[in-house]
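# Remarks on the overall topology
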Amino acid sequence: MVSAAEQLAANLNFGALGKAEELKKRIWFTLGALIVFRLGTYIPLPGINPDALSGVFQNAQQGIIGLFNMFSGGAVERMAIFALNIMPYISASIIVQLLTTVSPTLEALKKEGEAGRKKINQYTRYLTVVLAVFQAYGIAVGLESQPGVVSDPDWFFRISTVITLTGGTMFMMWLGEQITSRGIGNGTSLIIFGGIVAELPGAFVRTLELGRQGAISTVIILGVLAMAVVIIAFIVFMERAQRRLLIQYPKRQVGNKLYEGQSSHLPLKLNTAGVIPPIFASSLLLIPTTIASFMQGTGPEWLNRITALLAHGQPLYMTLYVALILFFCFFYTAIVFNPVETADNLKKHGGFIPGIRPGERTAEYIDYVLTRITVVGAAYIAAVCLFPELLISYAALPFYFGGTSLLIVVSVTMDTVSQIQGHLLAHQYEGLVKKSKLRGGRRK
């Protein structure tokens, strides 16, 4: 028998959006925040020569700089105040999550509930400032090493660059938190999503221009579009895939009443790690290429040889790329999902998996199932990211057509749409409650 909640979800339509005033306010706030982010990507750092910077970026855009430029919506290419984007905050969050698994103090804070979570978030903000300062100083020194990019290379330029870029990162972190609390969707993910989507039209136009000039054949362009549609459909299917473990709750007596045992499901996502593995794998592999591009061929011979082997399309690059994705899928899944903690929570609330003894046996079974589905999820992530990489290396297409960018765009879109549907469902529930109260009042 279909429940009332399932009936509401099945009849849900976006025509009810006009009646959900709270949801409309959240959507408008999110759009306004993303517009502020886009405006900030066009405000350049002081003391920069745009023409010289454009020439340097053309030589380095295939390295990690090109990857960060994709995430920042072109802010790195223009060396804007938001050039660091939200990446230091993401790095700090991952580092704090890693430390939580090895530090008893942080692990105890995590178990304190809301108060502990706020304190961990505060530590994450402090670490974000430290990482942003180091990265901003490295950018300032790197810009000074390029001839003609900086008008007056001195300590004043370095200090002003560090303050400006760090301030931009802190503002982006605050803006992401505001979107999460007052808008719709995850603020950090939406900022990266906005940067990628904003550059997609320009990348598409440049690709068509290359086709018009004969640099890329029409067959390849049509193949890219067809591949993008197939990959998007495949990502949607795999991201919604779950393995549901049946959880049974025994009968319980409250006073003189005996309540029947209930059953629910423990959903285990096929891709628990999300988009972190391809981002980390791409960043690590592009570091040698970025260093070599800044040295402009004057570096040691071994670095130039490694850079050549790690170029797009090379067998070593593809092999390491897949290996790192697989490693980070398992590694990050082990960080964000703790089978022992889940089994303990089930035992505390009287829940158990039929046929499995509560406690240690349940934790071993959950870990066994999670490992098996992570194998499938890691293979899916590797396939989604590998095939577009082969096409990019063959046709010299922009980063925006890569599997990482498609994975981020589709995942964030699905999460945001799911939250919108949740708000609409809550709005319909409120309407039903109000109607039932009115009818009850009339009967009296």
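This text goes with the structure placed above it.
Quantities reported herein were computed from a predicted structural model and do not represent experimental measurements.

How each quantity is defined
Residues numbered from 1 in each chain as written. Predicted model: local features only at pLDDT ≥ 70, side-chain atom pairs only at ≥ 80, totals over all residues. Heavy atoms only, no water. Salt bridge = Lys/Arg side-chain N within 4 Å of Asp/Glu carboxyl O. Helix = DSSP H or I, 4+ residues; strand = E, 2+ residues; numbered from the N terminus. Buried < 20%, exposed > 50% of the residue type's maximum accessible area, 1.4 Å probe, protein only. Phe/Tyr/Trp six-rings, centres within 6.5 Å; stacked < 30°, edge-to-face > 60°. Arc of directions from axis to C-beta. Polar contact = N/O pair within 3.5 Å; in protein donor to acceptor, adjacent residues only side chain to side chain.

Okay, the pattern of salt bridges next. This structure, assessed with the given rule, holds four salt bridges. Measuring nitrogen to oxygen at the nearest pair gives 3.6 Å for the salt bridge that ties Glu 22 to Arg 26. Here the residue Glu 22 and the residue Arg 26 both occupy positions in helix H2 (residues 21–40), the gap between them amounting to four residues, near one helical turn. You can call Glu 22 partly exposed: its relative accessible area is 49%. On the basis of relative accessibility, which here comes to 18%, the residue Arg 26 falls in the buried class. One salt bridge connects Lys 269 with Glu 239, and the closest N-O pair in it is separated by 3.7 Å.

Turning to the packing of aromatic side chains, a few remarks are in order. We describe a pair of aromatic rings using the distance from one ring centre to the other and the angle between the two ring planes. For the structure shown, the criterion picks out six aromatic pairs. Centre to centre, the rings of Phe 171 and Trp 174 are 5.8 Å apart; their planes meet at 35 degrees, and the pair counts as tilted. A residue pair is termed a helical-turn pair when its members lie 3 or 4 positions apart in one helix, as Phe 171 and Trp 174 do in helix H9 (residues 155–182) at three residues. Since its relative accessible area comes to 44%, Trp 174 is described here as partly exposed. Ring centres of Phe 234 and Tyr 380 lie 5.6 Å apart, and the angle between their planes is 75 degrees; on these two criteria the pair is classed as edge-to-face. You can see Phe 234 sitting in helix H11 (residues 218–239) and its partner Tyr 380 sitting in helix H16 (residues 360–395), a full 146 residues away along the chain. Look at Phe 234 and you get partly exposed, because its relative accessible area is 34%.

Listed as buried for helix H15 (residues 339–348) are Pro 339, Thr 342, Ala 343 and Leu 346. In an axial view of H15, the angular spread of the buried residues amounts to 100 degrees, which keeps them on one side of the axis. Put simply, Asn 338 is the residue that caps the front of H15, since its side-chain oxygen is 3.1 Å from the backbone nitrogen of Val 340. Looking one or two places after H15, you find Gly 350, whose phi comes out positive at around 80 degrees.

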